[in-house]
Amino acid sequence: MMINNIYWLILGKSRSTPVLRKVFKELLSNNLIMNLARPVSSLPLTHQQNDQEPNETIILARRIAPIDLSPNNVIHGGQILQLAEEAGHIAATRYCNNNIRSKEMPQAINNVRTAAYLASLNHMEFYHPIYVNEVMQARAEVIFTSQHSLAVEIEVAVENTASRQRRITNRGIFWYVNFNQDQHTHQVTIAKVPLLLHCDSHKQQKYSQLYNQQKEDRHYSKDSLSIASKFSEEIDTYGMETTPKIKHSIAASKSVLSQMAFPCDCNEMDWATGGALMKLMDTAAGVVAVRHTKGRVATISIDNIDFQRPVKMGEVITAIGTVTFTSNNVMEVLTRVITEDMRTEERHLAVVALFNFVVLDKTHKIPPLVLTNDYEKLLFEKGKLRYENRKKNLKKRK
């Protein structure tokens with residue numbers, strides 16, 4: 001189609017010069033661009049027709065505008081997560097839709113919509129800040145597939161357009177689940193993921209181990225954060241407490257942000273995108289960090305983002321942030337997303353994540369967390385264990 005458009009542009013109803021049209025005709029007559037002019041179906045294939053096509057990289061880029069900045073004059077961490085997840089969603093969904101062209105689902109292209117939805121993110125670090133007028137670029141590539149899920153490797157880089165210097169700011173692996181939605185009944189089902197080919201055995205073994213590890217981590221995350229669900233029942237009055245709050249306690253810095261899931265926040269399945277939800281969660285967690293520290297803070301990493309159910313368009317999304325652990329330099333904020341159907345008034349836990357913050361002022365120490373009950377003490381001990389494990393892993397990488 002691209003060649004047909006070029007041919008129409010140059011030889012058809014275009015404003016191109018007669019010289020350009022003459023040169024293009026000579027190229028065609030001399031077969032110098034014969035392969036490009038042939039229909040796509042006649043070009044030689046490097047793989048069997050029913051095999052998964054070779055994987056390709058998705059790259060999204062945008063310039064950082066003042067509206068993207070936090071009060072610290074660096075980019076809001078949620079903006080990074082949103083662009084990264086958008087690239088990951090496109091890469092995963094495009095990969096899964098290749099299955100529609102196979103003979104297994106000959107009518108699916110007309111009756112079924114296929115899309116990948118973010119299921120989890122084990123860990124993602126923020127290496128460097130990003131400033132206004134720099135160009136942020138998110139690269140996404142499918143690296144592993146199982147029966148119903150696939151892993152997308154995400155790398156975020158930024159370029160200073162004046163100095164042309166480029167630096168890596170984020171890396172992470174996003175895990176997606178493939179869904180089919182019937183166009184007539186709107187019924188949603190989990191769909192199979194095409195087998196990833198063209199991957200050497202060493203990488204396959206490496207990513208298989210990573211897949212098994214993330215399943216264990218997700219199970220551990222659900223087990224440990226089940227305490228948070230019970231804990232949330234104790235404190236969840238949506239920020240309407242009237243009793244006095246103890247300074248530097250969990251209740252004193254709690255943050256609640258609510259908004260509706262609008263069409264601009266949703267994907268082709270009319271579900272709120274993982275990027276939109278993570279952006280709201282990062283904002284809520286940032287408010288908690290500022291309230292507790294009374295200083296300038298920045299997100300340094302995210303752990304155990306677990307998407308437990310999709311958020312439908314039109315539902316109310318409420319992000320609740322509570323601090324669970326503090327050290328002298330780092331604090332951990334548990335952030336949950338509650339979704340509410342305003343017609344039925346049903347509420348469900350949709351997403352759980354752990355955001356880690358540091359204070360930017362070197363002379364400013366994070367105030368110790370005041371614990372008031374057994375639930376808070378248990379959350380603090382588990383947060384301390386995660387903090388120590390992160391330090392060990394950081395030393396190993398160095």
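See above for the structure.
Residues numbered from 1 in each chain as written. Predicted model: local features only at pLDDT ≥ 70, side-chain atom pairs only at ≥ 80, totals over all residues. Heavy atoms only, no water.

A. Structural detail: the pairing of strand β9 (residues 316–326). Of all 11 residues in β9, 11 are buried; the element is thus mostly enclosed. Relative to β9, strand β7 (residues 255–260) runs antiparallel, the two being bridged by 6 bridges. Paired with S255 across the bridge in β9 is G321. Here β9 runs beside strand β10 (residues 330–341); their pairing, made up of 10 bridges, is antiparallel. Bridged to V316 within β10 is E340. (Buried < 20%, exposed > 50% of the residue type's maximum accessible area, 1.4 Å probe, protein only. Helix = DSSP H or I, 4+ residues; strand = E, 2+ residues; numbered from the N terminus. Pairing = 2+ DSSP bridges.)

B. Expanded view of a nonpolar patch on the surface. A grouping of M260, F262 and M342 is seen on the molecular surface, where their side chains present a nonpolar patch of about 270 Å² in accessible area. Structurally, M342 is set in the loop between β10 and β11 (346–359). (Patch = residues over 30% accessible without salt bridge, like charges linked within 9 Å, V, L, I, M, F, W, Y side chains within 5 Å. Areas by Shrake-Rupley, 256 points an atom, 1.4 Å probe, with all protein chains shown as cover. Salt bridge = Lys/Arg side-chain N within 4 Å of Asp/Glu carboxyl O.)

C. Structural view of the nonpolar core. In this structure, F174 and L277 are the most contacted members of the largest nonpolar core, which totals 73 residues. For this core, the element with the most residues is helix α4 (residues 77–97), which contributes 9 residues. Sequence-distant contacts of L277, that is, excluding residues within four places in its chain, are made with Y117, A272, F307, V311, I317, V337 and V351. With 7 residues, the next largest nonpolar core counts F144, A151, W175 and Y207 among its residues. (Core = buried A, V, L, I, M, F, W, Y, C linked by side-chain atoms within 4.5 Å. Contact = heavy atoms within 4.5 Å.)

D. Region of interest: the packing of α4 against helix α8 (residues 274–293). Two numbers describe how α4 lies on α8: the axes approach to 8 Å, and their chain directions differ by 170°. As far as their axial angle goes, α8 and α4 are roughly antiparallel. Considering the relative orientation of α4 and α8, their crossing is right-handed. Taking contact as the criterion, the partners of G77, G78, Q79, L81, Q82 and E85 in α4 are, on α8, G274, G275, A276, M278, K279 and D282. Partitioning the contact of α4 with α8 into residue classes produces 3 nonpolar, 6 polar and 3 charged. (Axes fitted to C-alpha atoms, helices over the stretch in contact; angles between N-to-C directions. Parallel < 35°, antiparallel > 145°, perpendicular 65-115°, else oblique. Left-handed = near helix turned anticlockwise from the far one by under 90°. Nonpolar A, V, L, I, M, F, W, Y, C, P; charged D, E, K, R; others polar.)

E. Molecular detail of the packing of aromatic side chains. Summed over the entire model, instances satisfying the criterion amount to 6 aromatic pairs. Between F179 and W271 the ring centres are 5.2 Å apart and the planes differ by 85°, which places this aromatic pair in the edge-to-face class. One end of the pair, F179, is in strand β5 (residues 166–182); the other, W271, is in the loop between β7 and α8, with 92 residues separating them in the sequence. A single burial state applies to F179 and to W271, both of which are buried. The rings of Y117, F179, W271 and F307 are connected pair by pair, giving a single aromatic cluster. (Phe/Tyr/Trp six-rings, centres within 6.5 Å; stacked < 30°, edge-to-face > 60°.)

F. Summary view of the state of the cysteines. Taken as a whole and assessed by the stated rule, the structure comprises 0 disulfides. In this model C266 remains outside any disulfide bridge; the closest cysteine sulfur is found in C264, 7.8 Å from its own. The exposure class assigned to C266 is buried, which follows from its relative accessible area of 14%. (Disulfide = S-S within 2.5 Å.)

G. Layout of the pattern of salt bridges. Tallied over the full model, the rule gives 12 salt bridges. E141 is paired through a salt bridge with R139; the nearest N and O atoms lie 3.5 Å apart.

H. Structural view of the environment of Y131. Mapped onto the elements of the fold, Y131 is located in the loop between β2 (112–126) and β3 (135–145). Taking the C-alpha atoms as reference points, Y131 and R63, separated by 68 residues in sequence, lie 9.8 Å from one another. Among all residues touching Y131, those that are not within four sequence positions of it are I64, N73, V74 and R167.

Distances and angles like these do not, on their own, reveal function.
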